[in-house]
Amino acid sequence: MYANRASLIRMLMLLLIWKSSPLPLDACTTAVISGRATVDGRPLLWKNRDAPARHNEVALLTEGPLRAVAVVNAGSRKSAWMGMNEAGFCIENSLSTDLRQPGKKTGPANGLLIKRALLTCHTVADFKRLLEETNQTGRRTVANFGVIDAQGGAALFETGPTSFTMFDANDPAVAPHGYIVRSNFATTARDLPASPTPEQLNDIYSAERFSQACSRLELQKSKGITVEYVIRHLTRDLSQATGTPHPGTVNGTTKPLPATIATKNTISRTTTVSAAVFHGVKPGEDPRLATMWTILGDPSFSLAVPSWVDVQTIAEPLTDENGAALGEIAITLRDWNKTDDGKGINTECLPGIWSDLWSVEDKILSLTSKFQMARKEHGYSAGAITRFHQKMANLAMNAMQQELREMKQAAITLPTPPPPAFAPVKKTIVIP
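Residues numbered from 1 in each chain as written. Predicted model: local features only at pLDDT ≥ 70, side-chain atom pairs only at ≥ 80, totals over all residues. Heavy atoms only, no water.

A. Up close: the sheet that holds strand E6 (residues 90-95). Spatially, E3-E4-E5-E6-E7-E8-E9 is the arrangement adopted by the 7 strands of the open sheet, whose pairing is antiparallel. Two strands in the sheet have a free side with no partner beyond their single neighbour: strand E3 (56-61) and strand E9 (164-168). Strand-to-strand twist of the sheet, defined as the mean angle between neighbouring strand axes without regard to direction, takes the value 20°. By the bridge criterion, 4 bridges tie strand E4 (residues 68-73) to strand E5 (residues 82-85) in an arrangement that is antiparallel. Opposite Val69, over in E5, you have Met84 as the bridge partner. (Pairing = 2+ DSSP bridges. Helix = DSSP H or I, 4+ residues; strand = E, 2+ residues; numbered from the N terminus. Axes fitted to C-alpha atoms, helices over the stretch in contact; angles between N-to-C directions.)

Structure (structure tokens):
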């Protein structure tokens, strides 16, 4: 699927360099979307995770009162970074260091608090009570926590070590369009409104990603936001710092891609390690119908796979203590296509990758929609849900493996470059 691949050998040789390169601080982009803004009346929750922990996996958390499924750092179950539980409660976060307070802090940090909430909270109100309790005992949290529940709740909490502020996405005064977006700043720490304009953000770090996510949701609000739209158009957004999507990308014009795309200010970045989109339920529906769509690795090089709390085991491509196989392939594909400085993407191979992978993702989305409709009507056993989950994961894995094979083959079949030409020696060199 790739033409004119003359740069692939250089990309392969650079892979070892990127394996050892240091990564910047967390740079997540998130949104809480109320049911009043979605096409089906069900809330949505989204996070692109940028973190130094490149290797992620999906895990079942079963040691608490509530069973949960979550995205974790590979090989670790101490913390969770986004997930949902059997009550239909879903949670994620974005780092916001401007919420820090002076002095040494104790108590749960961001990932520990997310795990605790998954194992104990049924609703947004429960999570608010958890924050009120830990206000007294203290936390090590500096984050914007997004949450939705099975009762229609949808809120964001800007949360420091001993205080928090709640933003209700169902309140038109707080969220006029029914959604709240955050990147890596807190409005309360900067005396900003709940939904600031780009002009109000000035030179705040992550302002570009915040504005880009808002713009993408703004374009869809009149039609109703869908899980498919968030998966395709938000997790994979590649926009210029001005907010205009690069031509040839998922949100851009149909013109050819630029040769390279710098990802310092894009939502899909060379530091993105995973993404998740949670499709909640309406009040009165079975909360176990809530779906966690997980993309392991940079979404521009990976596929979304559905998971449910009822699964008996997580499908093999999504779990491994050294990094889930599907995510590891995505990491390899991205590393092969990085620019020399590691801060951007060479786009030559992107059209072929997207053409191959997104058609498979469309199939997974369609099959899952039909499966969920049948599940609501007839009810399915945990075994049937597990088998379908595994089938979707295998569809994604097969497509990713094929993509990896094609790119490897393209590199192998390239002609060997000619030997370097040296200038003639003009003096005698004596070798002792």
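Moving on from the model shown.
B. Just the pattern of salt bridges, in detail. This model, assessed by the stated rule, comprises 19 salt bridges. For the salt bridge of Arg77 with Glu57, the shortest nitrogen-to-oxygen distance reads 2.9 Å. Of the two residues, Arg77 is situated in the loop between E4 and E5 and Glu57 in strand E3; the sequence distance between them amounts to 20 residues. Between Arg232 and Asp362 there is a salt bridge, with the nearest N and O atoms lying 2.8 Å from each other. One end of the pair, Arg232, is in helix H6 (residues 227-234); the other, Asp362, is in helix H8 (residues 350-378), with 130 residues separating them in the sequence. Residue Arg232 is classed as buried on the basis of its relative accessible area of 13%. Owing to a relative accessible area of 40%, Asp362 belongs among the partly exposed residues under this scheme. In this structure, a network of salt bridges that share partners links the residues Glu86, Arg288, Asp310 and Arg375. (Salt bridge = Lys/Arg side-chain N within 4 Å of Asp/Glu carboxyl O. Buried < 20%, exposed > 50% of the residue type's maximum accessible area, 1.4 Å probe, protein only.)

C. Molecular detail of the pairing of E3. The element E3 is largely enclosed, with a buried count of 5 among its 6 residues. Bridge count for E3 against E4 is 6 bridges, and the pairing is antiparallel. Residue Asn56 lies in a different strand from E4, and its bridge partner there is Asn73.

D. Just the sheet that holds strand E2 (residues 44-50), in detail. The strand order across the open sheet built from 6 strands is E10-E1-E2-E12-E13-E14, with neighbouring strands paired in antiparallel fashion. This sheet does not close on itself; its edge strands, each paired only once, are strand E10 (179-182) and strand E14 (304-307). Between one strand axis and the next, the sheet turns through 15° on average, direction left out of account. The pairing of E2 with strand E12 (residues 272-279) spans 7 bridges and is antiparallel. The residue bridging Asn48 from the neighbouring strand is Ala275, located in E12.

E. Highlighting unusual backbone geometry. A positive phi angle is found at Asp191, which is not glycine, with a value near 55°. The residue Asp191 is located in the loop between E10 and helix H4 (198-201) in this model. Taking relative accessible area as the criterion, Asp191 reaches 74% and is therefore assigned exposed. At Ser206, a position not held by glycine, the phi torsion is positive, near 80°. Counting through the fold element by element, Ser206 comes out in the loop between H4 and helix H5 (207-220). Given a relative accessible area of 4%, Ser206 falls into the buried group.

F. Focus on the side chain of Thr266. With respect to the helices and strands, the residue Thr266 is situated in the loop between strand E11 (260-262) and E12. Among the polar contacts made by the side chain of Thr266, one reaches the main-chain carbonyl oxygen of Thr263 at a distance of 3.2 Å. There is a polar contact of 2.7 Å between the side chain of Thr266 and the backbone oxygen of Ser268. When neighbours within four sequence positions are excluded, Thr266 is seen to be in contact with Arg209, Gln212, Asp237, Leu238, Ser239 and Ile261. (Polar contact = N/O pair within 3.5 Å; in protein donor to acceptor, adjacent residues only side chain to side chain. Contact = heavy atoms within 4.5 Å.)

G. Quick look at H6. Of all 8 residues making up H6, 6 are buried, and the element is well covered by its neighbours. When we look at burial in H6, the residues that qualify are Val227, Tyr229, Val230, Ile231, Arg232 and Leu234.

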